[in-house]
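Observations on the model geometry
One letter stands for each residue in the lines below.
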Amino acid sequence: MDEAPDSEWITAEISTGTTIIAAEFDGGVVIGSDSRVTAGEAIVNRVMDKVCRLHDKIYCSLSGSAADAQAIVDIISYQMELHGVHMGQPPLVRAAVTCVKDLCYKYKEELSAHLLIAGWDHKYGGQVYGTLGGMMIRQQFAIGGSGSSYIYGFADSTFKPGMTKEECLKFAKCALALAMNRDGSSGGVIYLVTITSKGAEDMIITGKDIPQFYED
Amino acid sequence: MDDLLESDWTTEEVSTGTTIIAAVFDGGVVIGSDSRVSAGQAVVNRVLNKVCRLHDKIYCSISGSAADAQAVVDIVDYQMELHGIQMGQPPLVQAAATIVKDICYKYKEELVAHLLVAGWDHKYGGQVYGTLGGMMIKQQFAVGGSGSTYIYGFADSAFKPGMTKE
């Protein structure tokens, strides 16, 4: 009680501690996140949507420093809009990832954010890319954020290439729910975006709809 | 190449980095571990059995500092044997877990080892106890060691109480 006047959350850096995931299925991708934003020990936002639009069919999910991540998203979404207009057609997912990667690598020492990028384009279909540390690596599925360590085992054991959309949504939902159970910096609700040739469809999973698992 | 001359593995503490797990099933317990022992970056033993016997039907699995863990096991193993003789019947798993917990809590600052204690006794059947940090907590399943963070999600999703042995 004596500590209340000295709240360190006022000065602590705001971090989307987080768990983020992106996975490819047969026909598109699913990208999702939890919704907790922390400043030190305090939760400053319990419903933040960490899945952000870079273009109609290219989305990214954020982790690490909220400010850095949002700054990157603003820059890249502007560049993508311009690029789309120049090319006269929707940009490739690779174009977005390359822009993010260039920025993250150039400012590697200053930035502390990791974005997972996923989307659909007419040339390569559904794709997921990780950009941790300024690299660009295409993967069948990718996880990130502080909560991701707890679900490596689950993801490795459960993911199968060529899943249906429903299976992929279930995979992402369960992975996020498990991480949210264990990681103190992840929690709240689950945001999921499904991207296919038809466009992007988003959904929120709250409360009782979040998958439950065995608890001692 | 210069690093070879100053190998830090010769001075690094030997650690059973490790992944250990113990789980209760309908009729008993399963306790298991990997087998790697590292000193810094080097693997100094690739086949160490980290599942150690405390008594006929009480075993523990070790993680953290190899030396600390083995020291604790030696002490508890001796005390369990004595306790079993004095009681005239196999000791309870709770007894072993209590002794491990007492040592780990008393020397909390000096020791860097975590033991999972699991076994079967006639009174309570199969039990698993976690002793991280000097607590004693009975669980249906427990994981430990550096590798355990990666499998929390998998363990939460896959474990069901009342499984068969297989």
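Parameters at a glance
- Residues numbered from 1 in each chain as written.
- Chains lettered and ligands numbered in written order.
- Predicted model: local features only at pLDDT ≥ 70, side-chain atom pairs only at ≥ 80, totals over all residues.
- Heavy atoms only, no water.
- Helix = DSSP H or I, 4+ residues; strand = E, 2+ residues; numbered from the N terminus.
- Rg over C-alpha atoms; globule rule 2.2 N^0.38 Å.
- Buried < 20%, exposed > 50% of the residue type's maximum accessible area, 1.4 Å probe, protein only.
- Contact = heavy atoms within 4.5 Å.
- Areas by Shrake-Rupley, 256 points an atom, 1.4 Å probe, with all protein chains shown as cover.
- Core = buried A, V, L, I, M, F, W, Y, C linked by side-chain atoms within 4.5 Å.
- Pairing = 2+ DSSP bridges.
- Axes fitted to C-alpha atoms, helices over the stretch in contact; angles between N-to-C directions.
- Parallel < 35°, antiparallel > 145°, perpendicular 65-115°, else oblique.
- Left-handed = near helix turned anticlockwise from the far one by under 90°.
- Salt bridge = Lys/Arg side-chain N within 4 Å of Asp/Glu carboxyl O.

Turning our eyes to something else, we now look at the overall build of chain B. Check the secondary structure of chain B and you find four helices and 11 strands. Over its C-alpha trace chain B gives a radius of gyration of 17 Å, about what one expects of a compact globule, namely 15 Å for 166 residues. Principal-axis analysis of the C-alpha atoms gives chain B an extent of 60 × 40 × 25 Å. Counting the 166 residues in chain B, one finds 42% classified as buried. Sequence separation of 24 or more characterises 60% of the internal contacts of chain B that already satisfy a separation of 6 or more. Roughly 9300 Å² of accessible area belongs to chain B as shown, and the carbon and sulfur atoms make up 54% of that amount.

The next subject is the nonpolar core. All names here are of chain A. Ile21, Val30, Phe171, Ile190 and Leu192 are the most contacted members of the largest nonpolar core, which has 27 residues in total. At the level of elements, β2 (20–25), β11 (141–144), α3 (152–158), α4 (165–182) and β12 (190–196) are the ones that each hand at least two residues to this core. It is α4 that provides the largest number of residues to this core, a total of 11 residues. Apart from the residues lying within four places of it in its own chain, the contact partners of Ile190 are Ser33, Lys173, Leu176, Ala177, Met180, Met203, Ile204, Ile205 and Ile210. Counting residues in hydrophobic clusters, the runner-up holds 23 residues, among them Cys60, Val73, Ala96 and Cys104.

Residues and elements named next belong to chain B. The antiparallel open sheet is built from three strands, whose spatial order is β3-β2-β11. For this open sheet the edge positions go to β3 (28–33) and β11 (141–144), each flanked by a neighbour on one side alone. Direction aside, neighbouring strands of the sheet carry axes that sit 10° apart on average. Note that strand β2 (residues 20–25) and β11 share four bridges and pair antiparallel. Paired with Ile20 across the two strands is Gly144, which belongs to β11.

Turning to the packing of helix α2 (residues 66–87) of chain B against helix α3 (residues 93–106) of chain B, a few remarks are in order. Residues and elements named next belong to chain B. The interhelical angle for the contact between α2 and α3, taken along N-to-C directions, is 140°, at an axis separation of 10 Å. Judged by the angle between their axes, α2 and α3 are oblique. The chirality of how α2 crosses α3 is right-handed. Touching Val72, Ile75, Val76, Gln79, Met80 and His83 of α2 are Ala95, Ala96, Ile99, Val100 and Ile103, all from α3.

Right, let's get into the pattern of salt bridges. In total, this model carries 10 salt bridges over all chains according to the counting rule given. For Lys165 of chain A, the salt bridge goes to Glu201 of chain A, with nearest N and O atoms at 3.5 Å. Separated by 36 residues along the polypeptide, Lys165 of chain A in helix α4 and Glu201 of chain A in strand β13 (residues 199–205) bring together distant segments of the chain. With a shortest N-O distance of 3.8 Å, Asp77 of chain B and Arg53 of chain B are connected by a salt bridge.

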